[in-house]
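This is what each chain is made of:
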Amino acid sequence: MVIEKFKLSDKVALVTGCSTGLGQGMACGLAEAGADIAGVDYVESSETGKMIETLGRTFLEIKADLGSIKPVTTILSSIIDKFGKLDILINNAGIIRRRDAVEFTEEDWDSVMNINLKTLFFLSQAAAKQFIKQGTGGKIINVASMLSFQGGIRVPSYTASKSGVMGVTRLMANEWAKHNINVNAIAPGYMETNNTAPLRADPARSKEIVGRIPAGRWGTPDDLKGIAVFLASGASDYVNGYTIAVDGGWLAR
Ligand code: NAD
């Protein structure tokens, strides 16, 4: 039965940026479908840990700063020490810097590109090596953005990084499909998290954004659970290199 294909029982998933927001929502979604979770963040993830344990799943908290690729090897080895394997990676951790393009600094550029694109690639590479070693295949889900498709305003490095995420998602999918590794991306629309707090705090900007969303509301972390489970499961075994918008219709306008 097809519903069986969506189950993630006995799977181990690594979710980055899991302490809050979309990462917390997706980690809980995978746990609801049966997966154990290794969560990486540079701040405490105890709230997420409690939510996952309440669902009867195991949570391994890994404290690491993904602003550089230094912790990649240790992250993988702590997961293998605890669970003996890895099946799913969600590259969710990401940051944004808002400043006019003429004022944008090198630090604004590098800090965003490092976590949003460089670490995403090298963590995917480490996961793919592990999947190939295991001979089990695997699932990699990257978090893209509306700015993988559009230019945006006052967010040069964010647009560059998220456009890059859509590109490397295709590249990794092409190279690793032969190992039964599916690499896809989710492009969330405008979601209620810390990332968009400044936009939501500006009544004029918030009204303008919601007015353009056909669904007529901001998205929530719960809105990503279904797509995350689909892309992490056997139900998506023939979906390769695609970036799926979950945006209440924003891109369809
Ligand atoms: P958020 O700020 O609420 O969460 C980001 C998470 O990443 C947090 O848990 C944070 O602690 C973690 N993180 C940040 N820097 C880190 C670092 N150096 N090392 C380790 N962890 C780090 O934001 P969110 O909205 O939940 O964003 C999650 C992802 O979704 C990001 O990639 C973001 O770009 C993307 N996204 C968000 C929206 C939106 O509307 N909120 C839209 C499109 C894409």
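Residues numbered from 1 in each chain as written. Predicted model: local features only at pLDDT ≥ 70, side-chain atom pairs only at ≥ 80, totals over all residues. Heavy atoms only, no water.

Peer 1: Sorry if this is basic, but what is going on with the sheet that holds strand E2 (residues 36-41) here?
Peer 2: Pairing between the strands of a sheet comes from backbone hydrogen bonds, and it takes one of two forms, parallel or antiparallel. Overall, parallel pairing links the 7 strands, which are arranged E3-E2-E1-E4-E5-E6-E7 in an open sheet. The outermost strands of the open sheet, each flanked by one partner alone, are strand E3 (59-63) and strand E7 (243-246). Direction aside, the axes of adjacent strands within the sheet are offset by 20° on average. Across 6 bridges, the pairing between strand E5 (residues 138-143) and strand E6 (residues 181-188) is parallel. Bridged to Ile140 within E6 is Val183. Here helix H2 (residues 21-32) sits on the sheet in contact with strand E1 (12-16), E2, strand E4 (88-91), E5 and E6, set at roughly 170° to E1. (Pairing = 2+ DSSP bridges. Helix = DSSP H or I, 4+ residues; strand = E, 2+ residues; numbered from the N terminus. Axes fitted to C-alpha atoms, helices over the stretch in contact; angles between N-to-C directions. Contact = heavy atoms within 4.5 Å.)

Peer 1: For this particular structure, what's the right way to read the site of the ligand?
Peer 2: As a structural note, the neighbourhood of the ligand is formed by 30 residues, with Asp41, Asp65, Asn92, Tyr158 and Thr193 the closest of them. At 2.9 Å, a side-chain N or O of Lys162 approaches an oxygen atom of the ligand. Met191 is positioned with one of its backbone polar atoms (N or O) 2.8 Å from an oxygen atom of the ligand. Against a free-state accessible area of 830 Å², the protein chains account for coverage of 93% of the ligand. Secondary-structure elements contributing two or more residues to the shell around the ligand are H2 and helix H6 (156-176). (Near = heavy atom within 4 Å. Polar contact = N/O pair within 3.5 Å; in protein donor to acceptor, adjacent residues only side chain to side chain. Areas by Shrake-Rupley, 256 points an atom, 1.4 Å probe, with all protein chains shown as cover.)

Peer 1: How do you make sense of the pairing of E5 when you look at a structure like this?
Peer 2: Strand residues, when the strand is regular, have side chains that alternate between the two faces of the sheet. Of all 6 residues that make up E5, 6 are buried, and the element is covered over most of its length. On E5, burial covers both faces: Gly138, Ile140 and Asn142 on one face and Lys139, Ile141 and Val143 on the other are all buried. Here E4 pairs with E5 via 4 bridges, running parallel. Across the sheet, Ile90 pairs through a bridge with Ile141, a residue of E5. Of the crossover connections in this fold, the one passing from E4 over helix H5 (residues 106-134) to the parallel E5 is right-handed. In this fold, E5 hands off to H6, which returns the chain to E6; that crossover is right-handed. (Buried < 20%, exposed > 50% of the residue type's maximum accessible area, 1.4 Å probe, protein only. Right-handed = clockwise from strand over helix to strand, strands pointing away.)

Peer 1: Got a minute to help me understand the environment of Leu120 in this structure?
Peer 2: Here Leu120 lies in helix H5. Residue classification places Leu120 among the buried residues on the basis of a relative accessible area of 4%. With 26 residues separating them along the chain, Leu120 and Met146 place their C-alpha atoms 18 Å apart.

Peer 1: Explanation requested: a nonpolar patch on the surface in the structure shown.
Peer 2: The grouping of Met1, Val2 and Ile3 at the surface amounts to a nonpolar patch, some 400 Å² of accessible area in total. Along the chain, Val2 falls in helix H1 (residues 2-5). By relative accessible area, Val2 is classed as exposed at 60%. (Patch = residues over 30% accessible without salt bridge, like charges linked within 9 Å, V, L, I, M, F, W, Y side chains within 5 Å. Salt bridge = Lys/Arg side-chain N within 4 Å of Asp/Glu carboxyl O.)

Peer 1: Whenever I open this one, H6 confuses me. Can you help?
Peer 2: Helical periodicity: at 3.6 residues per turn, an α-helix aligns residues three or four positions apart in one direction. The end-to-end C-alpha separation of H6 is 30 Å, in line with the 30 Å expected for 21 residues at 1.5 Å each. For H6, every residue scored as buried is listed here: Ser157, Tyr158, Thr159, Ser161, Lys162, Gly164, Val165, Met166, Thr169, Met172, Ala173 and Trp176. Contacts from the buried residues of H6 go to H5, E5, E6 and E7. (Expected span 1.5 Å × (residues − 1).)

Peer 1: When you look at the packing of aromatic side chains in this model, what are you seeing that I'm missing?
Peer 2: With the rule as written, the count across this model stands at 4 aromatic pairs. Measuring from ring centre to ring centre gives 4.7 Å for Tyr190 and Trp250, while their planes differ by 50°; the resulting arrangement is tilted. Linking Tyr190 in the loop between E6 and helix H7 (197-200) with Trp250 in the segment after E7, this pair joins segments that are 60 residues apart in sequence. Since its relative accessible area comes to 18%, Tyr190 is described here as buried. For Trp250, a relative accessible area of 8% gives the class buried. Among the aromatic residues, those joined into a ring-pair cluster are Tyr190, Trp218 and Trp250. Against the face of Trp218 rests Arg200, its NZ or CZ located 5.8 Å from the ring centre. Just above the ring of Trp250 sits the side chain of Arg212; from NZ or CZ to the centre is 4.0 Å. (Phe/Tyr/Trp six-rings, centres within 6.5 Å; stacked < 30°, edge-to-face > 60°. Lys NZ or Arg CZ within 6 Å of the ring centre and 35° of its normal.)

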